[in-house]
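Understanding the architecture of this molecule
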Amino acid sequence: DTAVSQTPKYLVTQMGNDKSIKCEQNLGHDTMYWYKQDSKKFLKIMFSYNNKELIINETVPNRFSPKSPDKAHLNLHINSLELGDSAVYFCASSQVNKAEYTGELFFGEGSRLTVL
Amino acid sequence: QQQVKQSPQSLIVQKGGISIINCAYENTAFDYFPWYQQFPGKGPALLIAIRPDVSEKKEGRFTISFNKSAKQFSLHIMDSQPGDSATYFCAPLGSSNTGKLIFGQGTTLQVKP
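All residue numbers refer to positions counted from 1 along the written sequence of the respective chain. Naming scheme: in the order in which they are written, chains are lettered from A and ligands are numbered from 1. The model is predicted, so local features are restricted to residues of pLDDT at least 70 and side-chain atom pairs to those at 80 or more, both for listing and for counting; the totals for chains, interfaces and linings are taken over all residues. Heavy atoms throughout the structure, all of them, feed into the side-chain values; hydrogens and water do not.

**A word on the packing of aromatic side chains**
Only Phe, Tyr and Trp rings take part, Trp by its six-membered ring, and two of them pair if their centres are within 6.5 Å. Stacked means planes under 30 degrees apart, edge-to-face means over 60, and tilted covers everything else. All chains considered together, the criterion is met by 15 aromatic pairs over all chains. Note on Y33 of chain A and Y35 of chain A: the rings are 6.3 Å apart at their centroids and 45° apart in plane angle, and the pair reads as tilted. Across this residue pair, the class does not change: Y33 of chain A and Y35 of chain A are buried. Their ring planes at 85° and their centres at 6.2 Å tell us that F90 of chain A and F107 of chain A sit as a pair that is edge-to-face. Placement of the pair is F90 of chain A in strand β9 (residues 87-94) and F107 of chain A in strand β10 (residues 106-107), with a sequence separation of 17 residues. An identical accessibility class is assigned to F90 of chain A and F107 of chain A; each is buried. Ring pairing ties together the aromatic residues Y33, Y35, F90 and F107 of chain A together with Y36, F89 and F103 of chain B, which thus form one cluster. Three exposure classes are used, based on accessible area relative to the maximum for each residue type with a 1.4 Å probe and protein chains only: buried under 20%, partly exposed in between, and exposed over 50%. Comment: elements are numbered from the N terminus, with helices defined as DSSP H or I runs of at least four residues and strands as E runs of at least two.

Take a look at the structure:
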């Protein structure tokens, strides 16, 4: 049973299109994240939600809009896709609000976005 | 804003050898020092982590060494195996960071049989 699952695993699309990536975690965690990994494998945080509330919003173009319908789901919608958006997008979760916060993040397998 | 510097960028080791990856940080508020391992096509996964109250932690063939005064920690892989070939990331964290990990640049390890 996959702990953090994201769909789709691959997206290939044209510039200017809109696309969405969905993420679900069954770990009961209170915090979810989107990370972007570029072609050089550099991992950078984009957004974080704690119990459906946006708590981290890094410098990301407003074409990217996260949505968390509940604490087990975090989706990412991208408008007007550009070539530079090509990357692997990872969803992750952690349990932040607990007495012994370990800091461990649990990642999904990633969604590889290719913009042509 | 370069808070975390990881080296080397890539590493090739013979099977049975020792792999050493280093991570230097600036933020003295960090109090959790993990290493993540990422295989191709997969997400990163926690490999081993240390708190600053100890200078070394060993789990099987993997050891973290922590030097608080130098603001550095390193990952040692003893008896490296081809199955260890992966990308390794350090991602130090402070307990007030609400999970905002800042990852090092990554080290791609190749263990040759």
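**Some remarks on unusual backbone geometry**
The general pattern is negative phi for most residues beyond glycine and trans for most peptide bonds. A cis amide bond, omega -5°, links T7 of chain A with the succeeding residue P8 of chain A. Along the chain, P8 of chain A falls in the loop between β1 (4-7) and β2 (10-13). A cis amide bond links S7 of chain B with the next residue in sequence, P8 of chain B, at an omega value of -5°. The backbone phi angle of K41 of chain A is positive, close to 70°, even though this residue is not glycine. Of note, K41 of chain A is situated in the loop between β4 (31-37) and β5 (43-50). Located in the positive-phi region is K52 of chain A, a residue other than glycine, with phi close to 75°. Residue position: K52 of chain A is located in the loop between β5 and β6 (53-57). Relative accessible area serves as the criterion here: at 48%, K52 of chain A is assigned to the partly exposed category.

**A closer look at the pattern of salt bridges**
For this analysis, a salt bridge means a side-chain nitrogen from Lys or Arg found within 4 Å of a carboxyl oxygen belonging to Asp or Glu. Taken as a whole and judged by the stated rule, the model has six salt bridges over all chains. Here D85 of chain A ties to R63 of chain A by a salt bridge, and the two come within 2.8 Å at their closest N and O atoms. Here R63 of chain A lies in the loop between β6 and β7 (64-70) and D85 of chain A lies in the loop between β8 (73-78) and β9, a separation of 22 residues in the sequence. Ionic contacts of the salt-bridge type, sharing partners, join the residues K9 and E109 of chain A together with K42 of chain B into one network.

**Observations concerning the pairing of β7 of chain A**
Residue and element names in this part refer to chain A. Any two strands with at least two DSSP bridges between them are considered paired. Pairing of β7 with β8 involves five bridges; the strand directions are antiparallel. Residue pairing for β8: D70 is matched across the bridge by H73. Here β7 hands over to β8 after two residues, the two strands then running antiparallel side by side.

Take it as geometry only, folks, not as evidence of what the structure does.
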